[in-house]
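Geometric and topological summary
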Amino acid sequence: MRKLQRQLVRLVEKKGSFSDKEVVQLSQRLDRYILMAQKSSSKLKLKVCG
């Protein structure tokens, strides 16, 4: 996930825009990874606490 974050920062710097098509696609990809990680973390907490 950190690698994608660095790629996103570099791409924004290169393109100069947050609304560039490639930037948006990479950002959405990173969002999906973040959501998966949050869901996994949430499930783990439920097992430990529940």
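So, here is what we can say about the structure in this document. (Residues numbered from 1 in each chain as written. Predicted model: local features only at pLDDT ≥ 70, side-chain atom pairs only at ≥ 80, totals over all residues. Heavy atoms only, no water.)

Counting secondary structure elements, the chain contains 2 helices and 0 strands. Counting across all 50 residues of the chain, residues that qualify as buried make up 14%. Counting only carbon and sulfur atoms, one obtains 56% of the accessible surface of the chain, whose full area is about 4500 Å². (Helix = DSSP H or I, 4+ residues; strand = E, 2+ residues; numbered from the N terminus. Buried < 20%, exposed > 50% of the residue type's maximum accessible area, 1.4 Å probe, protein only. Areas by Shrake-Rupley, 256 points an atom, 1.4 Å probe, with all protein chains shown as cover.)

What follows concerns the pattern of salt bridges. Scanning the entire structure with this criterion turns up 1 salt bridge. Measuring nitrogen to oxygen at the nearest pair gives 2.8 Å for the salt bridge that ties Lys-15 to Glu-22. Judged by relative accessible area, Lys-15 falls into the partly exposed class, the value being 31%. Taking relative accessible area as the criterion, Glu-22 reaches 41% and is therefore assigned partly exposed. (Salt bridge = Lys/Arg side-chain N within 4 Å of Asp/Glu carboxyl O.)

Turning next to helix α1 (residues 2–15). Here α1 spans 20 Å end to end across 14 residues, near enough to the 20 Å set by a 1.5 Å rise per residue. Those residues of α1 lying buried are Leu-4, Leu-8, Leu-11 and Val-12. The buried residues of α1 occupy one face: seen down the axis, they fall within an arc of 100°. Opposite the packed face of α1, turned more than 90 degrees from it, sit the exposed residues Arg-2, Lys-3, Glu-13 and Lys-14. (Expected span 1.5 Å × (residues − 1). Arc of directions from axis to C-beta.)

Attention shifts here to a nonpolar patch on the surface. On the surface, Met-1, Tyr-33 and Met-36 cluster together into a nonpolar patch covering about 310 Å² of accessible area. On the secondary structure map, Met-36 appears in helix α2 (residues 21–49). (Patch = residues over 30% accessible without salt bridge, like charges linked within 9 Å, V, L, I, M, F, W, Y side chains within 5 Å.)

This part covers the environment of Gln-25. Mapped onto the fold, Gln-25 is located in helix α2. In this structure Gln-25 comes out as partly exposed when scored by relative accessible area, which is 43%. Placed 17 residues apart in sequence, Gln-25 and Leu-8 show a C-alpha to C-alpha distance of 9.7 Å.

With respect to the element layout, Val-23 can be found in helix α2. Overall, Val-23 belongs to the buried group, its relative accessible area being 3%. Taking the C-alpha atoms as reference points, Val-23 and Glu-13, 10 residues apart in sequence, are found 9.9 Å from one another. Excluding anything up to four places from it in sequence, Val-23 contacts Leu-8, Leu-11, Val-12, Lys-15, Ser-17 and Phe-18. (Contact = heavy atoms within 4.5 Å.)

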